[in-house]
Amino acid sequence: MNLKSLKLDLSKLTTVIVLVVLSVLLGMLSPVFMTQANLINIMQQITVNAVLAVGMSIVIFTGGIDLSVGSILAFVGIVMGKLMVDGGVNPVVAVVAGVVVGMACGAFNGMLISKFKLQPMIATLGMMSMARGAALTLANGRTITGYSPSFRWIGSGNIMGTRIPVQILFMLILYAGFHYLLRYRKYGRFIYSIGGNEEATRLSGVNVDRVKILAYSLSGLTAALASVVLVSKLNSAQSIAGTGYELDAIASAVIGGARLTGGFGNVWGTLLGAIIMGVIRNGLNLLNVSSYLQQLIIGVIIIAAVLFDSLKGRK
């Protein structure tokens, strides 16, 4: 086992320990917390964030950041709503169109960052405003509701003959796919290599610009898939949906062991980070903590996670 693999394993172990300690503590404070129904509920609650976070992780592994995922989620939701509800388009066609829109937004981010050398924060901040404005303009500020049962099955149905929600299985399959991409394909090695030393990766013959564009395209893809889950779960698409979701996605990746400077982390750690975020929110709700105080606590956790990441980087 090389040093990097050992660090990844230790990082995942730390995240697992944090999750276990939190779960035991909340189980002691609330007898409802450890029930099967509540644990399934937690997994359902984190699905959208976890799907967003896996794409965010790819970008973070390259040393970048994507602040536009929440707005892209909203824009894709409105596009699918206009097609399915207002236009009567087949749900499959509408979902494919939404995925194409999400990936196009991500690819545009990647082009600005790789070809025009914009800072990732600036480029994606601009896309955040553009996508949100496009969603508001296309929907004219209204909420689009009334989706077909076949589409709503994605976010609210169970696997036939079981109590396993479709959205949870979808999330796990997505993570398995990204794990395979990063672990067994050369593209995954390029992602980590760019995050570790971009110039050395370029000099070794890797087309860094193309890899970055693909990384941001994947972030746009997961934003679109998260929109599919959210819209089908709520049976509505809102132009203000996804506000602040990018912060939870970043926090999930960092809590899961990703390094904001790039080159380090793994998707299963990101999933653990998303679960920790969900456990905290669920526990605070069970303990009847006010929503205002919850926002404060989550903010402190995000700052603590980024500060811890910074301290690890210096060390």
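Participant: Just to check I follow, could you spell out the overall build of the chain for this structure?
Facilitator: Assigned secondary structure in the chain consists of 13 helices and 2 strands. Its C-alpha radius of gyration of 19 Å places the chain within 12% of the 20 Å reference for a compact globule of 315 residues. Dimensions along the principal axes, computed over C-alpha positions, put the chain at roughly 50 × 50 × 40 Å. In the chain, buried positions account for 50% of the 315 residues. Taking the contacts inside the chain whose residues are at least 6 apart along the sequence as the reference set, 79% of them involve residues at least 24 apart. Of the roughly 14,700 Å² that the chain leaves accessible, carbon and sulfur atoms contribute 67%. For the chain, the distance from the average position of its 23 positive side-chain charges to the average position of its 9 negative side-chain charges is 6 Å.

Participant: Quick question: what am I supposed to make of the side chain of Ser 23 here?
Facilitator: Tracing the sequence through the fold places Ser 23 in helix H1 (residues 3–29). There is a polar contact of 2.8 Å between the side chain of Ser 23 and the backbone oxygen of Leu 19. Excluding residues within four positions of it along the chain, Ser 23 makes contact with Phe 33 and Met 34.

Participant: I would appreciate a short explanation of helix H2 (residues 36–61) in the present structure.
Facilitator: Since one α-helical turn is 3.6 residues long, residues separated by three or four positions face the same way. At Thr 47, H2 shows its strongest bend, of approximately 45°. When you tally the buried positions in H2, you get 19 out of 26 residues, the bulk of the element. At the C-terminal side of H2, Gly 63 shows a positive phi close to 90°.

Participant: Can you walk me through the pattern of salt bridges in this structure?
Facilitator: When their charged atoms lie close together, side chains carrying opposite charge are able to pair. Per the counting criterion, the structure on display carries 9 salt bridges. Between Asp 209 and Arg 202 there is a salt bridge whose closest N-O contact spans 3.8 Å. Judged by relative accessible area, Asp 209 falls into the buried class, the value being 14%. A residue is classified by how much of its surface remains accessible, and Arg 202, at 29% relative accessible area, is partly exposed. Three or more residues are tied together by salt bridges with common partners; here these are Lys 115, Lys 117, Glu 198, Glu 199, Arg 202, Asp 209 and Lys 212.

Participant: Before we go on, may I ask you to explain a nonpolar patch on the surface in this structure?
Facilitator: Residues Met 111, Phe 116, Leu 118, Met 121 and Ile 122 make up a contiguous nonpolar surface patch of roughly 500 Å² in combined accessible area. By the element assignment, Met 111 lies in helix H4 (residues 91–114).

Participant: Hey, could you run me through the packing of H2 against helix H10 (residues 208–234) in this one?
Facilitator: The description of two packed helices rests on the angle between their axes and on the distance between the axes. At a closest axis distance of 7 Å, the pairing of H2 and H10 adopts a crossing angle of 170°. Classified by the interaxial angle, the pair formed by H2 and H10 is roughly antiparallel. Each of Gln 44, Thr 47, Val 48, Val 51, Leu 52, Val 54, Gly 55, Met 56, Ile 58 and Val 59 in H2 lies in contact with H10, whose residues at this interface are Ala 215, Tyr 216, Leu 218, Ser 219, Thr 222, Ala 223, Leu 225, Ala 226, Val 229, Leu 230 and Lys 233. In terms of residue class, the contact of H2 with H10 is made up of 15 nonpolar, 5 polar and 1 charged.

Participant: How do you make sense of H4 when you look at a structure like this?
Facilitator: The terminal C-alpha atoms of H4, which comprises 24 residues, lie 34 Å apart, in line with the 34 Å expected from a rise of 1.5 Å per residue. Of all the positions in H4, only Ala 94, Val 95, Gly 98, Val 99, Gly 102, Cys 105, Gly 106, Asn 109, Gly 110, Leu 112, Ile 113 and Ser 114 are classed as buried. Looking at the buried residues of H4, the elements they touch are helix H3 (69–86), helix H5 (120–139), helix H6 (149–156) and H10. At the N-terminal end of H4, a side-chain oxygen is found 2.8 Å from the backbone nitrogen of Val 92, two or three residues along, and the residue is Asn 90.

The rules we used
- Each chain has its residues counted from 1, following the order in which its sequence is written.
- Where totals are concerned, whole chains, interfaces and linings use all residues; where local detail is concerned, this predicted model gives features only for residues with pLDDT of at least 70, and gives and counts side-chain atom pairs only at 80 or more.
- Hydrogens are left out, water is left out, and the side-chain values use all remaining heavy atoms of the structure.
- Helix numbering and strand numbering both begin at the N terminus, where a helix is a DSSP run of H or I of at least 4 residues and a strand a DSSP run of E of at least 2.
- Values of the radius of gyration come from C-alpha atoms, whereas the globule rule sets the reference at 2.2 Å times the count of residues to the power 0.38.
- To sort residues, take the accessible area from a 1.4 Å probe on protein chains only and compare it with the maximum for the residue type: under 20% means buried, over 50% means exposed, and anything in between is partly exposed.
- Should any heavy atoms of two residues lie within 4.5 Å, those residues are considered in contact.
- Note on areas: these come from Shrake-Rupley sampling with a 1.4 Å probe, and a residue is covered only by the protein chains present in the view.
- Counted as positive: Lys and Arg. Counted as negative: Asp and Glu. His and the chain ends are not counted at all.
- The atoms used to mark charge sites are NZ of Lys, CZ of Arg, CG of Asp and CD of Glu.
- Pairing of N or O atoms within 3.5 Å defines a polar contact, subject to two protein rules: one partner must be a possible hydrogen donor and the other a possible acceptor, and residues neighboring in sequence count only if both atoms are side-chain atoms.
- In this scheme, the bend at a residue equals the angle between the axes fitted to the seven residues that finish there and the seven that begin there.
- For this document, the term salt bridge refers to a Lys or Arg side-chain nitrogen within 4 Å of an Asp or Glu carboxyl oxygen.
- Like-charged residues are merged into a patch within 9 Å and nonpolar side chains (Val, Leu, Ile, Met, Phe, Trp, Tyr) within 5 Å, provided each residue has over 30% relative accessible area and no salt bridge.
- Whenever a helix is involved, its axis is fitted only over the stretch in contact; in every case the axis is a line through C-alpha atoms, and angles between N-to-C directions fall within 0 to 180 degrees.
- An angle below 35 degrees is treated as roughly parallel, one above 145 as roughly antiparallel, one from 65 to 115 as roughly perpendicular, and anything else as oblique.
- Under this grouping Gly is polar, as are all residues other than the nonpolar Ala, Val, Leu, Ile, Met, Phe, Trp, Tyr, Cys and Pro and the charged Asp, Glu, Lys and Arg.
- Multiplying 1.5 Å by the helix residue count minus one yields the expected span of that helix.

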